[in-house]
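Chain by chain, the residues:
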Amino acid sequence: MKTIENQSTETNCHSNEIATKSYFLGPQAENADWLRHQILYILDHFFQWRKDHRPADGQAISRVDQKNENFLNNQNNVQRMIQDLCHRFENEVPQFSPRYIGHMYSELSLPSLLGNFLALLHNPNIISTEASRVGAFIEDEAIKDLAEMLFYNKDQSFGHFTSCGTVANIEALWRARYCNDHFLAMGAYLNTNHQFALSFFESCHMGWDKFNQYCRQYNIKEDALKEYSYVFLGPWKVQNIYQKAFAKPYQGSVVLVPNSKHYSWLKAVSLLGLGDVSFIGINLTHQGQMCVSDLENKILDLKQKDIPIMMIVSILGTTELGVCDPVDKIQNLLNKYNENKLFFWHHVDAAYGGYFASAVDKKHLHSLYLSPEVENAFRSLKNVQSITIDPHKLGYIPYACGAFLAKNSDYYKVSAFEAKYIQSPTKTIDRWMKTLEGSRSAQGATATWLSSKALGLHPEGHGLILGRTIKARIILEEKIKQQCPNMALLEKNDLNLLCMINKGSAISLSDANEKTEKLIELINQSNSFIVSKTTLKSPEYQNIIDYHCEKWNIKNDSAEIVLLRLTLMNPFFHNNQTNVSFIDEFANKLNELSC
Ligand SMILES: *Cc1c(COP(=O)(O)O)cnc(C)c1O
């Protein structure tokens, strides 16, 4: 054990790295005094706000009221329940601890906690600027910060906060369906009324430029298109109309998503009534990235079958492995089609990885921890139609906070719904007609606003913290390779996730799976670290399974691979100051419990 003096002097952190520690409470609540001070300031300010608001109205609760027996009983009752609740929450998952390396949550940043608390007290509903005079504008500014980090033009892009990444993904597909429907309706209209002979594919991939050009050229009004819209008429009534317009039945449009998908995409396809068979998986490489040549083959095949593609999804930071798809190569492929006047909607699901954009240098200097390939993937975000990001993951923002962003107003359009009781004083800010969710809290937006401004969404701010989490992964990875002979690591690691199996003396995959299951159980029971487990199944992950069985020289006898999965996002997992080195201790634990 180190002495106290030793602790305070021993630090080989740079001054700006030390400074990032001010943004977190710390595993032992080291920054408690500062946090208490800020919370008291916010509370006092909030109290004063009330007092200053029409003081002449007088008080509604008197000192005498406050001494009333039943009044006091109520208060004591609530106080007791609060104490009980606090006691109950002692059993909650200690997600703040550097020893928590399981799922995608950890410490919260203090600015985000304070922003959240501030908005919680004021409790605006950012559904409209009528219901919220401040919060709705904070949301607009916070979205601009995220847009800028994600390489979008902050003055052209649009977006809003959602309660999670799942909702943001549904928002994206909802909008892609709106495009698909408009383009299809336009094709049907032109075929019927102007002797065009557009195919389903040509129609659905015409893009807004062409669409607008047709509108002008033939003086077509939105109402005329309604007679050809499946969103308006429903899929059943429209079938005869399409049969006549295209001389064959419409088989529906599909959604292409890599097999590493988050399951929210299945929900989105199901919810929007596209039919489960409309969900088409794209093969993965042996490293878990979307296989671009398979995407190309599928596009060609669908084009030939005249089946339009509503949306193509790629992923930055897959949920299972933290792998980044080659967004740039995918976009290049789609650009080739754009030259032939075929438009595709490319959405990037960056729910997990999105914040790593803050680690990418905007001046094209190479960042410290991301590979050049991953950097290129992030840089090409500026070209994609829409993005999902989850501030409640790597933004260190409290739940529930996701966000959806669109490159420009063309990809933010969606069927607008009117509500007579909601007013819109500020048309450009008011989003209620265009959000899936109705009433929305300002907490996520305000938390993100304060955190983004305080930490800075650049390589010396938020990016520095995230860069250090990759460094932690690299150090642990090396340590396991050198010191843990029973463990075998999965090959590709782009971000701060690390997956492995307990290989030991296993001669087959099923053997190894059993050992890995057991190891995960033992670690989580040991009360030293909390880890997570994931299972990659065939056929989606067949290439990964085959490749690794061969690499590890074990019999390929199972349709799935069980992985010990670590999310190394806690900012203090790797540090030189605590009495224990979490990295060393974790490697030792692996050796102790694996076999
Ligand atoms: C976490 C995640 C989601 C869904 O996010 P929730 O906030 O849990 O709804 C979607 N896509 C990816 C890649 C994710 O990692």
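Structure report, in brief. Computed from a prediction, not measured in an experiment: that's the story for all the values here.

Comments concerning the environment of Ala29
Thinking step 1. Secondary-structure assignment places Ala29 in the loop between helix H2 (15–20) and helix H3 (32–52).
Thinking step 2. C-alpha of Ala29 to C-alpha of Lys221: the two residues are 192 residues apart in sequence and 61 Å apart in space.

Regarding the packing of helix H19 (residues 462–483) against helix H22 (residues 582–593)
Thinking step 1. Packing of H19 against H22 leaves a shortest axis separation of 10 Å and a crossing angle of 35 degrees. Classified by chirality, the crossing of H22 by H19 is right-handed. Residues Ala472, Ile475, Leu476, Lys479, Ile480 and Gln483 of H19 form the contact with H22, whose own contacting residues are Ile583, Asp584, Phe586, Ala587, Leu590 and Asn591.
Thinking step 2. Looking at side-chain class alone, the contact of H19 with H22 contains eight nonpolar, two polar and two charged residues.

So, the site of the ligand
Thinking step 1. Neighbouring the ligand are 14 residues; Thr166, Asp349, Asp390, His392 and Lys393 lie closest to it.
Thinking step 2. Here an oxygen atom of the ligand and a side-chain polar atom of Thr319 are 2.9 Å apart.
Thinking step 3. Here an oxygen atom of the ligand sits 2.8 Å away from a polar atom, N or O, in the side chain of His392.
Thinking step 4. At three residues, helix H8 (residues 165–193) tops the list of elements feeding residues into the shell around the ligand.
Thinking step 5. By residue class, the composition of the shell around the ligand is three nonpolar, eight polar and three charged.

Some words on the packing of aromatic side chains
Thinking step 1. Within this structure, the stated rule accounts for 26 aromatic pairs.
Thinking step 2. A ring pair is formed by Phe196 and Tyr214, whose centres lie 5.6 Å apart and whose planes are at 90 degrees; its orientation type is edge-to-face. Here Phe196 is found in the loop between H8 and helix H9 (200–204), whereas its partner Tyr214 is found in helix H10 (residues 207–218), with 18 residues between them in sequence.
Thinking step 3. Exposure remark for Phe196: the relative accessible area of 23% places this residue in the partly exposed category.
Thinking step 4. For Tyr214, a relative accessible area of 9% gives the class buried.
Thinking step 5. Measuring from ring centre to ring centre gives 5.8 Å for Phe343 and Tyr411, while their planes differ by 10 degrees; the resulting arrangement is stacked.

A short note on the pairing of strand E3 (residues 279–282)
Thinking step 1. Relative to E3, strand E2 (residues 254–258) is paired through four bridges, and the arrangement is parallel. Residue Val257 lies in a different strand from E3, and its bridge partner there is Gly281.

Overview of the sheet that holds strand E9 (residues 497–502)
Thinking step 1. If you trace the four strands from one edge of the open sheet to the other, you get E8-E9-E11-E10, paired in antiparallel fashion. Since the sheet does not close on itself, it has two edges, and those belong to strand E8 (487–489) and strand E10 (532–537), each with one partner. Each strand axis lies, on average, 40 degrees off the axis of its neighbour in the sheet, ignoring direction.
Thinking step 2. Packing of H19 onto the sheet brings it into contact with E8, E9 and strand E11 (560–567), and relative to E9 it is tilted by some 15 degrees.

Concerning the sheet that holds strand E4 (residues 309–315)
Thinking step 1. Ordered by their spatial adjacency, seven strands build an open sheet running E1-E7-E6-E5-E4-E2-E3, and the pairing between neighbours is mixed. The outermost strands of the open sheet, each flanked by one partner alone, are strand E1 (158–162) and E3. With direction set aside, neighbouring strand axes in the sheet form an average angle of 20 degrees.
Thinking step 2. Where E2 lies against E4, three bridges are found, and the strand directions are parallel. Paired with Leu256 across the bridge in E4 is Ile312.
Thinking step 3. Running at roughly 170 degrees to strand E5 (residues 346–350), helix H16 (residues 327–339) makes contact with E4 and E5 of the sheet.

Thresholds, definitions, all that
- Residues numbered from 1 in each chain as written.
- Predicted model: local features only at pLDDT ≥ 70, side-chain atom pairs only at ≥ 80, totals over all residues.
- Heavy atoms only, no water.
- Helix = DSSP H or I, 4+ residues; strand = E, 2+ residues; numbered from the N terminus.
- Axes fitted to C-alpha atoms, helices over the stretch in contact; angles between N-to-C directions.
- Left-handed = near helix turned anticlockwise from the far one by under 90°.
- Contact = heavy atoms within 4.5 Å.
- Nonpolar A, V, L, I, M, F, W, Y, C, P; charged D, E, K, R; others polar.
- Near = heavy atom within 4 Å.
- Polar contact = N/O pair within 3.5 Å; in protein donor to acceptor, adjacent residues only side chain to side chain.
- Phe/Tyr/Trp six-rings, centres within 6.5 Å; stacked < 30°, edge-to-face > 60°.
- Buried < 20%, exposed > 50% of the residue type's maximum accessible area, 1.4 Å probe, protein only.
- Pairing = 2+ DSSP bridges.

Shape is all these values report; function is a separate question.
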